[in-house]
Amino acid sequence: MNSERLMKVLLSPVVSEKSSVVADANQQYTFRVATDATKREIAKAVEKLFEVEVERVQVVNCKGKTKRFGQVNGKRSDWKKAYVRLKPGNDIDFAAGA
């Protein structure tokens, strides 16, 4: 896989109450990823960026909500979320530089 492509797969970590509970319980981290990313690309990108070993990847397609902007009906864009489970002994620390 192309190294440049792997750098564009992960968009951001999802930081929420649900994602922190999942991270503590299952060694599973949540990322917002490109809508055309595959499970294999996501796993390779996480392994390359964070230097960890990935055990499993689960993907969820999140549909954008329809919202009103005054009198105009609009729609937020669809996005994809990935739950990445790491092998035992691996850990990702997002607050390393803080």
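Residues numbered from 1 in each chain as written. Predicted model: local features only at pLDDT ≥ 70, side-chain atom pairs only at ≥ 80, totals over all residues. Heavy atoms only, no water.

Things to note about the pattern of salt bridges
Consideration 1: Going through the model one piece at a time under the given rule, you end up with five salt bridges.
Consideration 2: Across the pair lysine 8 and glutamate 4 runs a salt bridge whose closest N-O atoms are separated by 3.6 Å. Here glutamate 4 and lysine 8 lie together in helix H1 (residues 3-9), a separation of four residues that amounts to about one turn. (Salt bridge = Lys/Arg side-chain N within 4 Å of Asp/Glu carboxyl O. Helix = DSSP H or I, 4+ residues; strand = E, 2+ residues; numbered from the N terminus.)

So, the sheet that holds strand S2 (residues 28-33)
Consideration 1: Spatial ordering of the open sheet is given by S1-S2-S6-S3, a layout of four strands whose pairing is antiparallel. The sheet is open, and its two borders are formed by strand S1 (10-13) and strand S3 (54-62), each paired with just one other strand. Adjacent strand axes in the sheet meet at a mean angle of 30 degrees, parallel and antiparallel pairs treated alike.
Consideration 2: In terms of strand pairing, S2 meets strand S6 (residues 79-86) through six bridges, oriented antiparallel. Following the sheet pairing, phenylalanine 31 is matched in S6 by alanine 82.
Consideration 3: This element, helix H2 (residues 17-26), spans S2 and S6 of the sheet and lies at about 140 degrees to S2.
Consideration 4: On top of the sheet, helix H3 (residues 39-50) reaches S1, S2, S3 and S6; it is set at about 120 degrees to S3, its chief contact. (Pairing = 2+ DSSP bridges. Axes fitted to C-alpha atoms, helices over the stretch in contact; angles between N-to-C directions. Contact = heavy atoms within 4.5 Å.)

So, H3
Consideration 1: Taking 1.5 Å of rise per residue, the twelve residues of H3 would be expected to cover 16 Å, and the 16 Å separating its terminal C-alpha atoms lies within 8% of that figure.
Consideration 2: Every buried residue of H3 is listed here: Glu41, Ile42, Ala43, Ala45 and Val46.
Consideration 3: Among the structural elements, H1, S1, S2, S3 and S6 are those in contact with the buried residues of H3.
Consideration 4: Two residues or fewer past H3, glutamate 51 is found with a positive phi of approximately 55 degrees. (Expected span 1.5 Å × (residues − 1). Buried < 20%, exposed > 50% of the residue type's maximum accessible area, 1.4 Å probe, protein only.)

Let's talk about the pairing of S6
Along a regular strand, successive side chains alternate from one face of the sheet to the other.
Consideration 1: Buried residues dominate S6, accounting for six of its eight residues.
Consideration 2: Two strands pair when backbone bridges link them, and S3 and S6 are joined in this way by eight bridges, in the antiparallel orientation. Note on S6: the bridge partner recorded for glutamine 58 is tyrosine 83.

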